[in-house]
Amino acid sequence: MEMKAAVSCAGFLLLCVWLSPSKALYFHIGETEKQCFIEEIPDETMVIGKYRTQLWDKQAGSFLPSTPGLGMHVEIKDPDSKIILSRQYGSEGRFTFTSHIPGEHQICLHSNSTKMPLFAGGKLRVHLEIQVGEHANNYPEIAAKDKLTELQLRARQLLDQVEQIQKEQNYQRYREERFRMTSESTNQRVLWWSIAQTIILIITGIWQMRHLKSFFEAKKLV
């Protein structure tokens, strides 16, 4: 019973991680440095990104609470390396895009720090939060706009979650199909390479035998 409870608890934790509403992190970039992230996104899924920047103050020995005048350029590419968003934002910003192809999307950020004498070769801290799927919806705003009751809003959230789970499952099936096609292609290449090696060995053996036979006949040994 304890083992089953432990397995159930672990499964619940994994489910909570998989359905986590957002991914938040922070990172440091230097002058003219570009930082990119890979996010696996199903097709027809809305993604919202929020960020804010803090500039390192050498005199205070800490990061400034805000960075007025600093701009961040956001560039997003789909799995086919096609740019779907490329825009300049301020020191704090919010960007939104919708995926049309399932797969790995590249999200890149870099600053216009070269235009700021205050930067002077220092470092910049960027706080980034990415929300994917139904977690990107602003449900209080939706409830106020559509005049939904609490029960109706909860039903709307559940429907959106089911739809997102279906998209995730379709994406996993898409990945499995691509992996199967890659495996079959690799196996076929290995098979043909093995056949080619066998043919080369047979031809080489026949040539060596004929060469040795000609050598012995020339020496009148046979």
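Procedures and definitions
Residues numbered from 1 in each chain as written. Predicted model: local features only at pLDDT ≥ 70, side-chain atom pairs only at ≥ 80, totals over all residues. Heavy atoms only, no water. UniProt positions renumbered as here; feature names shortened; annotations may be inferred. Phe/Tyr/Trp six-rings, centres within 6.5 Å; stacked < 30°, edge-to-face > 60°. Helix = DSSP H or I, 4+ residues; strand = E, 2+ residues; numbered from the N terminus. Buried < 20%, exposed > 50% of the residue type's maximum accessible area, 1.4 Å probe, protein only. Disulfide = S-S within 2.5 Å.

The name that an unreviewed UniProt entry assigns to the protein is Transmembrane emp24 domain-containing protein 4, with the source organism given as Triplophysa tibetana. Under the heading Sequence similarities (unreviewed entry), UniProt records this for the protein: "Belongs to the EMP24/GP25L family."

1. Overview of the packing of aromatic side chains
Each aromatic ring pair is described using two quantities: the centre-to-centre distance and the angle formed by the ring planes. Counted by the stated rule, this structure contains three aromatic pairs. Aromatic pair Tyr51 and Tyr89: ring centres 6.4 Å apart, planes at 80°, arrangement edge-to-face. Taken together, the residues Tyr51 in strand S3 (residues 46-57) and Tyr89 in strand S6 (residues 83-89) connect sequence positions 38 residues apart. Its relative accessible area of 13% is what places Tyr89 among the buried residues. Their ring planes at 25° and their centres at 6.3 Å tell us that Tyr171 and Tyr174 sit as a pair that is stacked. One end of the pair is Tyr171 and the other is Tyr174, both in helix H3 (residues 150-218) and three residues apart, which spans about a single turn.

2. A closer look at the state of the cysteines
A covalent bond between the sulfur atoms of two cysteines is what we call a disulfide. All chains considered together, the criterion is met by one disulfide. With its sulfur 2.0 Å from that of its partner, Cys36 forms a disulfide with Cys108. Classification of the bridge connecting Cys36 and Cys108 rests on its S-S torsion, roughly 110°, and on that basis the disulfide is right-handed. On the criterion of sequence distance, the pair formed by Cys36 in strand S2 (residues 34-41) and Cys108 in strand S8 (residues 103-111) is long-range, its members being 72 residues apart. Of the residues examined, Cys36 reaches a relative accessible area of 33% and is grouped as partly exposed.

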